[in-house]
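# Descriptive analysis of the structure
Residues per chain are reported as follows:
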Amino acid sequence: MDNIENLIMRLPKAELHMHIEGSLEPEQLMHFADRNGVALDYQSLDALKQAYNFSNLQDFLDLYYQGMSVLQTEEDFYELTMAYQQRCADDNVRHVEIFFDPQGHTARGLDFRIAIEGILRGLVHGQQTLGISHKLIMCFLRHLSEQEAFETWEMAQPWLHRIDGVGLDSSELGHPPSKFKNVFAAARKAGLKLVAHAGEEGPPEYVREAIEILDIDRIDHGNRLLEDENLISHVRDAGLTLTVCPLSNLSLCVVDDLRQHPLPEMLKRGLKATINSDDPAYFGGYMNENYLQTAKATNLSPAEIIILARNSFTGSFLSQDAQQVFLDEIDQVAQDFL
Ligand code: ADE
Ligand code: ZN
């Protein structure tokens, strides 16, 4: 293990941008399809893997929604969540704030309860057995209407005490944040945290809308905000965290080459960037792989890597006290290393 790899491994980290359905590994997908008798367009594991070659976000989403259709029982969601947390334990990821897409399940006739109960049981078991703490963020699919988001919001009411935040994901272009103004206001009124994907493929105006109209607490991706100087200043001064996903960006052609990834520029501009895996089963790597490949491609310094790990906790929805425990541990690792 080289020095940088060793540092990345030893640093405690939080993951703030990961769709649990995007952690469905192809082998596991085939296994659930078989177990549940779900027919797929792909006859073999190899044929499925061949399809993991995307030219944009929509290309990926088409496969992502098909993939999640193999999730049929509470046990499936539980096993999926446990498998993800085992990967976290392997990477020294100690806290996770995961997304789930209930509409990807209810739209195909599954009960909201099946998905959320399986995920919650997995998260609690992961905390008990692996020591990984968690928050759960329910995302609305932005290609659907705000009315449909409200229907999902209604379904979620019995679980609201176990949901920490709401988010906005799926096809960005043509679906600006403002479309979800009212449902985000309802979630805010209920005391939930708010996040939204913005500026992944969409223009800087979508980032501005997410901040000004939805009043979000954190920006998912945010790459394209770098096109707008005023927005950069605003996001920096407001201390808003960006949950950046380098291998996702490469896989979905948001960047052509990891060496051109804007993460170092974000840090140099004083933006509070973090590294995350987004949909690790589809994009070629979990947390440490994202750190390592980005560090190597963009020449991140040890000090920058340490800042990224710190940002993952200070940008989390953990209490100040809980954050401090991890920040102290990071300081210790940094002292040993530098
Ligand atoms: N859903 C899952 N991954 C996503 C991404 N990267 N962007 C938007 N929606 C998503
Ligand atoms: Zn995402």
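A few points on the structure.

Calculation rules
- Residues numbered from 1 in each chain as written.
- Chains lettered and ligands numbered in written order.
- Predicted model: local features only at pLDDT ≥ 70, side-chain atom pairs only at ≥ 80, totals over all residues.
- Heavy atoms only, no water.
- Near = heavy atom within 4 Å.
- Polar contact = N/O pair within 3.5 Å; in protein donor to acceptor, adjacent residues only side chain to side chain.
- Areas by Shrake-Rupley, 256 points an atom, 1.4 Å probe, with all protein chains shown as cover.
- Helix = DSSP H or I, 4+ residues; strand = E, 2+ residues; numbered from the N terminus.
- Nonpolar A, V, L, I, M, F, W, Y, C, P; charged D, E, K, R; others polar.
- Buried < 20%, exposed > 50% of the residue type's maximum accessible area, 1.4 Å probe, protein only.
- Arc of directions from axis to C-beta.
- Contact = heavy atoms within 4.5 Å.
- Salt bridge = Lys/Arg side-chain N within 4 Å of Asp/Glu carboxyl O.
- Core = buried A, V, L, I, M, F, W, Y, C linked by side-chain atoms within 4.5 Å.
- Pairing = 2+ DSSP bridges.
- Donors = N, O, S within 2.8 Å, 3.2 Å for Na, K, Ca; no water.
- Axes fitted to C-alpha atoms, helices over the stretch in contact; angles between N-to-C directions.
- Parallel < 35°, antiparallel > 145°, perpendicular 65-115°, else oblique.
- Left-handed = near helix turned anticlockwise from the far one by under 90°.

## Some remarks on the site of ligand 1
- Ligand 1 sits among His19, Leu57, Phe60, Leu61, Tyr64, Asp169, Ser170, His197, Glu200, His221, Asp278 and Asp279.
- The contact in question runs from a nitrogen atom of ligand 1 to an N or O atom on the side chain of Asp278, over 2.7 Å.
- In this structure, Asp279 approaches ligand 1 through a side-chain N or O atom, which is 2.6 Å from a nitrogen atom.
- Surface burial for ligand 1 is 100%, taken as the share of its 260 Å² of free accessible area covered by protein chains.
- In terms of residue count, the dominant contributor to the shell around ligand 1 is helix H4 (residues 57–68) (4 residues).
- Each residue belonging to the shell around ligand 1 can be placed in one class, and the counts come to 4 nonpolar, 4 polar and 4 charged.

## Side note on helix H9 (residues 181–189)
- For H9, every residue scored as buried is listed here: Val183, Phe184 and Ala187. Angularly, the buried residues of H9 cover 100° about the axis, an arc narrow enough to put them on a single face.
- On its buried face, H9 is in contact with strand S3 (133–141), helix H8 (146–156), strand S4 (165–169) and strand S5 (193–198).
- Positive phi appears at Gly191, one or two residues downstream of H9, with a value of about 90°.

## Structural notes on the pattern of salt bridges
- Taken as a whole and judged by the stated rule, the model has 20 salt bridges.
- With a shortest N-O distance of 3.9 Å, Glu265 and Arg269 are connected by a salt bridge.
- Accessibility expressed as a relative area gives 36% for Glu265, which makes it partly exposed.
- For Arg269, a relative accessible area of 26% gives the class partly exposed.
- In this structure, a network of salt bridges that share partners links the residues Arg35, Asp76 and Glu79.

## Topic: the nonpolar core
- The biggest cluster of nonpolar side chains holds 102 residues, and the ones touching the most others in it are Phe184 and Tyr282.
- Within the second largest apolar cluster, 5 residues are counted, among which are Phe99, Ile137, Val195 and Phe317.

## Topic: the pairing of strand S2 (residues 93–100)
- Most of S2 is tucked away, with 7 of its 8 residues classed as buried.
- As paired elements, strand S1 (residues 13–15) and S2 share 3 bridges and run parallel to each other. Bridged to Ala14 within S2 is His95.
- In this sheet, S3 lies alongside S2 in parallel orientation, the contact comprising 6 bridges. Residue pairing across strands places His95 opposite Ser133, the latter belonging to S3.

## Brief notes about the coordination of the zinc ion (ligand 2)
- Every protein donor of the zinc ion (ligand 2) is accounted for by His17 (NE2), His19 (NE2), His197 (NE2) and Asp278 (OD), and the metal-donor separations fall at 2.0 to 2.2 Å.
- Coordination of the zinc ion (ligand 2) draws on donor residues from a single chain, spaced H-x1-H-x177-H-x80-D in sequence. With His19 in the loop between S1 and helix H2 (26–36) and His197 in strand S5, the pair connects residues that are 178 residues apart, well separated along the chain.
- Relative accessible area serves as the criterion here: at 3%, His19 is assigned to the buried category.

## Side note on the sheet that holds S3
- Taken in spatial order, the 8 strands of this open sheet run S1-S2-S3-S4-S5-S6-S7-S8, and their pairing is parallel. Among the strands making up the open sheet, the edge pair consists of S1 and strand S8 (272–275). For this sheet, the mean inter-axis angle between neighbouring strands, taken without regard to orientation, is 25°.

## Remarks on the side chain of Thr81
- Position of Thr81 among the secondary structure elements: in helix H5 (residues 74–90).
- A residue is classified by how much of its surface remains accessible, and Thr81, at 0% relative accessible area, is buried.
- Ignoring any residue separated from it by four or fewer positions in sequence, one finds Thr81 in contact with Ile20, Gly118, Ile119, Gly122 and Leu123.

## Focus: unusual backbone geometry
- Here the phi dihedral of Ser170 falls at roughly 80°; this positive angle occurs in a residue that is not glycine.
- Tracing the chain through its elements places Ser170 in the loop between S4 and H9.
- The class for Ser170 is buried, based on a relative accessible area of 6%.
- In this structure, Asp215 is a non-glycine residue whose phi angle is positive, near 60°.

## Thoughts on the packing of helix H1 (residues 3–10) against helix H16 (residues 302–314)
- The N-to-C vectors of H1 and H16 enclose an angle of 20°; their axes lie 10 Å apart at closest approach. What the angle tells us is that H1 and H16 run roughly parallel. H1 and H16 meet at a crossing whose hand is right-handed. For the pair H1 and H16, the contacting residues are Ile4, Leu7 and Ile8 in the first and Pro302, Ile305 and Ile306 in the second.
- Residues of the contact of H1 with H16, tallied by class, amount to 6 nonpolar, no polar and no charged.

## Quick word on H8
- Along H8, the residues classified as buried are Glu146, Ala149, Thr152, Trp153 and Ala156. End-on, the buried residues of H8 take up no more than an arc of 110°, which puts them together on one face.
- Where H8 is buried, its residues contact helix H6 (103–106), helix H7 (112–130), S3, S4 and H9.

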